[in-house]
Amino acid sequence: MVTIRAAHPSDAAGIRAVYAPFVAGSPSTFEEELPTVEDFHARILASPRRPWLVAEAEGEIAGYAYASAHHSRASYRWSVDTSVYLAAVHHRRGLGRRLYDELIAEVRTLGYLNLYACITLPNAASVALHTAVGFRPVGVFPRAGYKLGAWHDVGWFGLALIDEHPANPAEPRPWLPEGVPAAP
Ligand SMILES: CC(C)(COP(=O)(O)OP(=O)(O)OC[C@H]1O[C@@H](n2cnc3c(N)ncnc32)[C@H](O)[C@@H]1OP(=O)(O)O)[C@@H](O)C(=O)NCCC(=O)NCCS
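Predicted, not measured: the structure shown is a model, and the values here were computed from it.

Colleague: When you look at the overall build of the chain in this model, what are you seeing that I'm missing?
Modeller: When its secondary structure is counted, the chain shows four helices and seven strands. Shown N-terminal to C-terminal, the secondary structure of the chain runs as helices and strands in the order β-α-α-β-β-β-α-β-α-β-β. Since a compact globule built from 184 residues should have a radius of gyration of about 16 Å, the 16 Å found for the chain is in line with a globular shape. Principal-axis analysis of the C-alpha atoms places the extent of the chain at approximately 45 × 40 × 30 Å. Put simply, the chain has 184 residues, and 41% of those count as buried. Carbon and sulfur atoms form 55% of the exposed surface of the chain, whose accessible area is close to 10100 Å². When the 16 basic and 18 acidic side-chain charges of the chain are each reduced to a single mean position, those positions are 4 Å apart.

Following this line, the structure appears as structure tokens:
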């Protein structure tokens, strides 16, 4: 059985293990050095807190999804970037979908209005997942990154969580998952 739950800082090592092969061998992330366990602690607990979810299978971290700031400038604060990684053995079993459905529900509850995903192209699985949950293409940055000996296009995808953006939007709230410590 696979459980989707809020990530705890103690999941950092498992999250790092899922991410490691993509840093080393795939342009799906443009990170080239594997972040440390402490880096992942800090990312999970970054302020303001935003959702980090894990898929746990038989006590192991099978994958994770999270929301992060789209941009540091203040007026972007209703917009988040979302991302998802699963260990290869767990691909194509609906886990990406389950993680994203829950992530989107959490982000919506907190008052965020726009979600963006940055996908190195081609990535049929990621494009299919994002399209399946409602993201639509926004644009392509041609040859935006160089990794593993090649230039890569990056597709940005967007999902608005509201039909009409309000004239006076309420401030987004920090994520306060039960059982996960507050930032130090
Ligand atoms: C992208 C990723 C998270 C997808 O997760 P997943 O659990 O394999 O996907 P799911 O089984 O939930 O499938 C979701 C949808 O995508 C489709 N899909 C999944 N993999 C696919 C593939 N390789 N080719 C085409 N469609 C695919 C499924 O059919 C499903 O569509 P539907 O809901 O219309 O039936 C997973 O492939 C992954 O971790 N990839 C490597 C890391 C990565 O690229 N992350 C994204 C960075 S932008």
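Colleague: Explain the pattern of salt bridges to me, please; I cannot follow it from the model alone.
Modeller: Two side chains with opposite charge may pair up if their charged atoms get near one another. Scanning the model with the defined rule gives five salt bridges in all. Between E56 and R5 there is a salt bridge whose closest N-O contact spans 2.7 Å. Taken together, the positions of E56 in strand β2 (residues 52–57) and R5 in strand β1 (residues 2–6) put the pair 51 residues apart, joining distant regions of the chain. A residue is classified by how much of its surface remains accessible, and E56, at 24% relative accessible area, is partly exposed. In this structure, E171 and R77 form a salt bridge, with 2.7 Å as the shortest nitrogen-oxygen distance. Placement of E171 in the segment after β7 (150–160) and of R77 in the loop between β3 (60–69) and β4 (79–86) is noted, with a sequence separation of 94 residues between them. Of the residues examined, E171 reaches a relative accessible area of 43% and is grouped as partly exposed.

Colleague: Looking at this structure, I do not really get unusual backbone geometry. What am I missing?
Modeller: One can expect most non-glycine residues to show negative phi and most peptide bonds to be in trans. Cis geometry marks the peptide bond from S47 to P48, where omega comes out at -5 degrees. Residue placement: P48 occurs in the loop between α2 (37–44) and β2. Following L121, the chain continues into P122 via a peptide bond in cis, with omega recorded as -5 degrees. Along the chain, P122 falls in the loop between β5 (114–121) and α4 (124–132). A positive phi angle is found at R92, which is not glycine, with a value near 65 degrees. Inspection of the secondary structure assignment puts R92 in the loop between β4 and α3 (95–109).

Colleague: Whenever I open this one, the layout of surface pockets confuses me. Can you help?
Modeller: Rolled over the atoms, a probe sized like a water molecule indicates the empty space that remains. By volume, the largest pocket is sized at about 1200 Å³. Around the largest pocket sit 43 residues that line it, and S83, V84, Y85, S126 and H130 are the ones nearest its centre. Elements with a minimum of two residues in the lining of the largest pocket: α1 (12–25), α2, β3, β4, α3, β5, α4 and β7. Here the element with the most residues in the lining of the largest pocket is β4; it accounts for six residues. Tallied by class, the residues present in the lining of the largest pocket amount to 23 nonpolar, 13 polar and seven charged.

Colleague: Explain the packing of aromatic side chains here, please?
Modeller: The relation between two aromatic rings is expressed through the spacing of the ring centres and the mutual angle of the planes. One pass over the structure, following the stated rule, counts 10 aromatic pairs. With a centroid separation of 5.3 Å and 50 degrees between ring planes, the pair formed by F22 and Y85 is classed as tilted. In this pair, F22 sits in helix α1 while Y85 sits in strand β4, placing the two residues 63 residues apart along the sequence. Accessibility assignment for this pair places F22 and Y85 in one class, buried. Joined through ring pairs, the aromatic side chains of Y19, F22, F40, W52, Y64, Y66 and Y85 make up one cluster. When the ring centre of F40 is taken as reference, the NZ or CZ atom of R43 above it lies at 5.4 Å.

Definitions and limits used
- Residues numbered from 1 in each chain as written.
- Predicted model: local features only at pLDDT ≥ 70, side-chain atom pairs only at ≥ 80, totals over all residues.
- Heavy atoms only, no water.
- Helix = DSSP H or I, 4+ residues; strand = E, 2+ residues; numbered from the N terminus.
- Rg over C-alpha atoms; globule rule 2.2 N^0.38 Å.
- Buried < 20%, exposed > 50% of the residue type's maximum accessible area, 1.4 Å probe, protein only.
- Areas by Shrake-Rupley, 256 points an atom, 1.4 Å probe, with all protein chains shown as cover.
- Lys, Arg positive; Asp, Glu negative; His and termini not counted.
- Charge placed at Lys NZ, Arg CZ, Asp CG, Glu CD.
- Salt bridge = Lys/Arg side-chain N within 4 Å of Asp/Glu carboxyl O.
- 1 Å grid on protein atoms, 1.4 Å probe; cavity = no way out; pocket = protein on both sides within 12 Å on 5 of 7 lines; lining within 4 Å.
- Points joined across faces, edges and corners; volume = space filled by probe spheres on them.
- Nonpolar A, V, L, I, M, F, W, Y, C, P; charged D, E, K, R; others polar.
- Phe/Tyr/Trp six-rings, centres within 6.5 Å; stacked < 30°, edge-to-face > 60°.
- Lys NZ or Arg CZ within 6 Å of the ring centre and 35° of its normal.

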